[in-house]
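Here are the chains, one letter per residue:
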Amino acid sequence: MTVQSKLPLTAAETTLVEAFGEQFSYLPGNAGMVTLRDRAVQAIKETGLPTRKVEAWHYTDLRRLLKDVPSHDDAAVATDLDGLVDGTVKLVLNNGKMAGQESVDGLTATSLADALRADVSGVTLSDHGQYDATGLINSAFVTDGFVIKVDDGAEIAGPVELQSLHDGGQVHTRNLVTVGEGAKVTLFDRHAGSDKSVLASNVTELTVRKGAEAMWVTVQEQGETATHLGQLNVTLEEDAKLTLFVINLSGHLVRQEINADVLGEGADLTFRAINLVGGDAHCDVTLSLGHLVPNTNSTETVRSVVTGKGQGVFQGQIRVDQIAQKTDAQMACNTLLLSDDAGFSTKPELEIFADDVVCAHGATVAEIDHNHLFYLMARGISEKTARGLLIKAFVAEIVEELDDEALVEALETRIDTWLEAHG
Amino acid sequence: MLEIKNLHARIAEDGTEIIKGLDLTVKAGEVAAIMGPNGSGKSTLSYILAGREDYEVTDGDILYNGESILEMDPAERAAAGLFLAFQYPMEIPGVATMQFLKVAMNEQRKARGEAELTTPDFIRLVKEAAGTLDISMEMLKRPLNVGFSGGEKKRAEILQMKLLEPKLCVLDETDSGLDIDALKIVADGVNSLRSPDRATIVITHYQRLLDYIVPDTVHVLSKGKIIKTGDKSLAHELEAKGYADIINEAA
């Protein structure tokens, strides 16, 4: 990793530092938490936001791309959002504050802000060091979130939907989610708000305990001018099974990080991501996955469609520890570029220290197949419709893997809407 | 119905001229066979008729019902009633066959100002047509042509042709890769569409298909031109003598 030399603070960095000065006394947490928050802000002040010289941010020069930061409006109220599918149990964070929760058998959801104030053990504000802009900004400014515990052995009937909503300004939320041993649950994680300028950050710690089975679906559908910094820190224990699905449907500057540690033998991770990038949006999905014990599997598939002047990024790092024999990891990143000005950068990275593993990665960046287009048009399907069918087919393949008809329909509706506007 | 006049065409990418002054007239109700050796321009002609962008027409014209179609894109030509049965139908992962059929039928109807098909009507039409071609509904649940055998792909092409009811059918080497049973099914499908207001162009290398789809006229294509025209006996002559004799004769 190259060290970043000190540069004068940008407008955005200055705003962040000054905002902390105004807000810190209101932010939840005792003196210990204030110290942690202050350390995070000092790190931003001293190191600055990461530039392309920092390897993890090479394709997303945050210092350059984050032009300005809107100010937080504590009184703002976001509009309610219908559930992604009928019958979800909603856990809502409105403008960064817990706004409503329905009760669910086998699951408890409490306020992170309360936990920070009460000094609950195990609840803290962590980050991944001086270049972890997402973690640092979130640690400094987080106002609330959910602490969710799914009881051991509980099978939660319907999907539980976390919503982080805003009406512009700043919104920083953090969720700590533990799926107990042998439990089963589907969680939706939605990020949405009005079209007003926003800096949104979210950090989620997701732990899937021994033998548990979870599906996590992050749906990022922020406004067209939004900056969204997301970070999912995932831990899989023995025989745990997780389907992790991320779909980026909008936003202006989007970075979604996934740090996953496969810590228990027999664990299985299915990671799928879809990025739809149009206009002059920038969308970065960065995955760092560690297989740290023997006999674990993972598959990673990322499909992106980029048009207009959109820029997409996928960094996929898989680390296989020396003891992690019999690891099976398969990563693929496929991209459709629909315009000459669109771009996509992909960096697969395998670090393998074990000798008996099956790991593969592949990446493609292509235009729509002209032979396919001709075939459809030769049947009387207009060019726009034919292109739409082909783009949809490209991303729908991985949506349809999801074993939930209502969810598939909800996601496909959103993909259709995007195609109508950008296809 | 179709009038090709002094057509010259080349590959857009490298400028190689493939069609060099081709004249052909096909009347409504007629089945015309175009035969020729490999590399004579048979498939190129079918693609040019369908409007593929990889080829550039440099001279001449193609009139369909008296009007030039050169400025029309493939979808417009199809909606006007032109159908190309591909020699190598495309496999398109992620596009369900039934969805594709429905979109194609309705887009054509829309282009002609007709009402869209209801789902029950659509399914009834597909079931009827599929039955006669020995196509199972199971096969139609798969993505378009994906994992279809060679014979299944050709039958699926004929299914599309039956459902879209074109006015001018162009069959590009529909017999290639078919065993005799599949050939009969495909030929029956084509014959069932014969009608006084529909024309068919059968492009083939071998005479065999023409035993089942009996042509009214036979045209020999060589080096991008029609060099000889006759009735069905010309096909038998070709089978007996081979292309070389006819080509030498014409030269």
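About the cut-offs
Residues numbered from 1 in each chain as written. Chains lettered and ligands numbered in written order. Predicted model: local features only at pLDDT ≥ 70, side-chain atom pairs only at ≥ 80, totals over all residues. Helix = DSSP H or I, 4+ residues; strand = E, 2+ residues; numbered from the N terminus. Rg over C-alpha atoms; globule rule 2.2 N^0.38 Å. Buried ≥ 20, exposed ≤ 12 C-beta atoms within 10 Å, placed from the backbone. Contact = placed C-beta atoms within 7 Å. Domains from an automatic or database assignment. Pairing = 2+ DSSP bridges. Axes fitted to C-alpha atoms, helices over the stretch in contact; angles between N-to-C directions. Nonpolar A, V, L, I, M, F, W, Y, C, P; charged D, E, K, R; others polar. Parallel < 35°, antiparallel > 145°, perpendicular 65-115°, else oblique. Left-handed = near helix turned anticlockwise from the far one by under 90°. Core = buried A, V, L, I, M, F, W, Y, C linked by C-beta atoms within 7 Å. Arc of directions from axis to C-beta. Right-handed = clockwise from strand over helix to strand, strands pointing away.

Quick look at the overall build of chain A now. Across its full length, chain A carries eight helices and 19 strands. Taking 22 Å as the expected radius of gyration for a compact globule of 423 residues, we find that chain A reaches 21 Å, a close match to that expectation. By principal-axis analysis of the C-alpha atoms, chain A measures approximately 70 × 45 × 45 Å. Burial analysis of chain A (423 residues in total) assigns 54% to the buried set. Counting contacts in chain A only where the partners sit at least 6 residues apart, residues at least 24 apart contribute 83% of the total.

Helix and strand content of chain B: 10 helices and 12 strands. Its C-alpha radius of gyration of 18 Å places chain B within 12% of the 18 Å reference for a compact globule of 251 residues. Over its C-alpha atoms, taken along the principal directions, chain B stretches across nearly 55 × 40 × 35 Å. Counting every position in chain B, which comprises 251 residues, the buried fraction comes to 41%. In chain B, the proportion of contacts linking residues at least 24 apart, taken out of those at least 6 apart, comes to 71%.

Residues and elements named next belong to chain A. Domain annotation for chain A reports domain 1 (74-370) and domain 2 (371-423). Look at where the C-alpha atoms of domain 1 and domain 2 centre, and you get two points 24 Å apart. Contacts between domain 1 and domain 2 engage 21 residues on the former and 20 residues on the latter. Breaking the side of domain 1 that touches domain 2 down by element, the ones donating at least two residues are β9 (213-221), β11 (241-248), β13 (268-277) and β15 (297-306).

Residues and elements named next belong to chain B. Spatially, the four strands line up as an open sheet ordered β2-β1-β4-β5, and their pairing is antiparallel. The open sheet is flanked by β2 (17-26) and β5 (67-68), the only strands paired with a single partner. Strand direction decides the pairing type here: strand β4 (residues 55-64) and β5, joined by two bridges, are antiparallel. Within the sheet, the bridge partner assigned to L63 lies in β5 and is S68.

Along the chain, A:G145 falls in the loop between α5 (133-141) and β4 (146-150). Each residue touching A:G145, except ones within four places of it in the same chain, is listed here: A:L93, A:L112, A:T173, A:R174 and A:N175.

The subject of this paragraph is the sheet that holds strand β6 (residues 82-85) of chain B. Two modes of strand pairing occur in sheets, parallel and antiparallel, and in both the strands are linked by backbone hydrogen bonds. Residue and element names in this part refer to chain B. Reading across from one edge, β6-β9-β10-β3-β11-β12 is the order of the six strands in this open sheet, with mixed pairing throughout. Every interior strand has two partners, whereas the edge strands, β6 and β12 (225-230), have only one. Across this sheet, the average inter-strand angle for adjacent strands is 20°, counted without regard to direction. With five bridges joining them, strand β3 (residues 31-35) and strand β10 (residues 199-204) adopt parallel strand pairing. Bridge pairing in β10 places A33 opposite V202. Packed on one face of the sheet, helix α1 (residues 42-50) meets β3, β6, β9 (168-172), β10 and β11 (217-222) and runs near 145° to β6. Taken strand by strand, helix α6 (residues 150-164) contacts β6 and β9, and its axis lies near 170° from that of β6.

So, on to α1(B). Residue and element names in this part refer to chain B. Burial analysis of α1 places eight of its nine residues in the buried class, which makes it a mostly covered element. The set of residues buried in α1 consists of K42, T44, L45, S46, Y47, I48, L49 and A50. Residue G51 follows α1 closely and has a positive phi angle near 95°.

Bringing the interface of chain B and chain A into the picture now. For an interface, size is often stated in terms of accessible area lost upon the parts coming together. Taken together, the 21 residues of chain B in the interface contact 17 residues of chain A. Top contributing element to the side of chain B that touches chain A by residue count: helix α3 (residues 97-111) of chain B, with five residues. Each residue belonging to the side of chain B that touches chain A can be placed in one class, and the counts come to 15 nonpolar, three polar and three charged.

So, on to the packing of helix α1 (residues 11-23) of chain A against helix α2 (residues 31-47) of chain A. All names here are of chain A. In the contact formed by α1 and α2, the axes pass within 10 Å of each other and the chain directions differ by 155°. Considering their axes alone, α1 and α2 lie roughly antiparallel with respect to each other. For the pair α1 and α2, the crossing hand works out as left-handed. Contacts between α1 and α2 pair E13, L16, V17 and F20 from the former with V41, I44 and K45 from the latter.

The next point concerns unusual backbone geometry. All names here are of chain A. Phi is positive for N95, close to 50°, though the residue is something other than glycine. Tracing the chain through its elements places N95 in the loop between β1 (89-94) and β2 (97-101). On the basis of neighbour count, N95 is assigned to the buried category, with 24 C-beta atoms found within 10 Å. Here the phi dihedral of D119 falls at roughly 60°; this positive angle occurs in a residue that is not glycine.

Attention shifts here to the nonpolar core. Counting 204 residues, the largest nonpolar core has B:F83 and B:V170 as the members making the most contacts within it. With 10 residues, the top contributor of residues to this core is helix α7 (residues 383-399) of chain A. Ignoring sequence-local partners within four residues, the contact set of B:V170 consists of B:S46, B:L49, B:F83, B:L84, B:A85, B:I201 and B:I203.

This part takes up helix α9 (residues 232-241) of chain B. All names here are of chain B. Those residues of α9 lying buried are L234, A235 and L238. Looking down the long axis of α9, one finds its buried residues gathered within 105° of arc, a one-sided arrangement. Facing away from the buried surface of α9 by more than 90 degrees, the exposed residues are S233 and A240. Backbone geometry just downstream of α9 places G242 in the positive-phi region, at approximately 85°.

Residues and elements named next belong to chain B. By the element assignment, L171 lies in strand β9. Note on L171: 28 C-beta atoms within 10 Å, which makes it buried. Taking C-alpha positions, L171 is 7.7 Å from Q87, a pair spaced 84 residues apart along the chain.

Let us look at the packing of α7(A) against helix α8 (residues 405-422) of chain A. Residue and element names in this part refer to chain A. For the pair α7 and α8, the least separation of the axes is 11 Å and the interaxial angle reads 150°. Comparing the axis directions of α7 and α8 gives the class roughly antiparallel. You can see that α7 and α8 cross each other, and the crossing is right-handed. Where α7 approaches α8, its residues G388, I391, K392, V395, A396 and V399 are matched on the opposing element by V408, L411, E412, I415 and L419. Per-class residue counts for the contact of α7 with α8 are eight nonpolar, one polar and two charged.

To continue, consider the pairing of β10(B). All names here are of chain B. Burial of β10 is extensive: six of the six residues sit out of reach of the surface. A two-sided burial pattern is seen for β10, the buried positions comprising A199, I201 and I203 on one face and T200, V202 and T204 on the other. In this structure, β9 lies alongside β10, joined through five bridges in parallel fashion. Within β10, the residue paired with V170 across the bridge is I201. Crossover β9 to β10 through helix α7 (residues 180-192) is right-handed.

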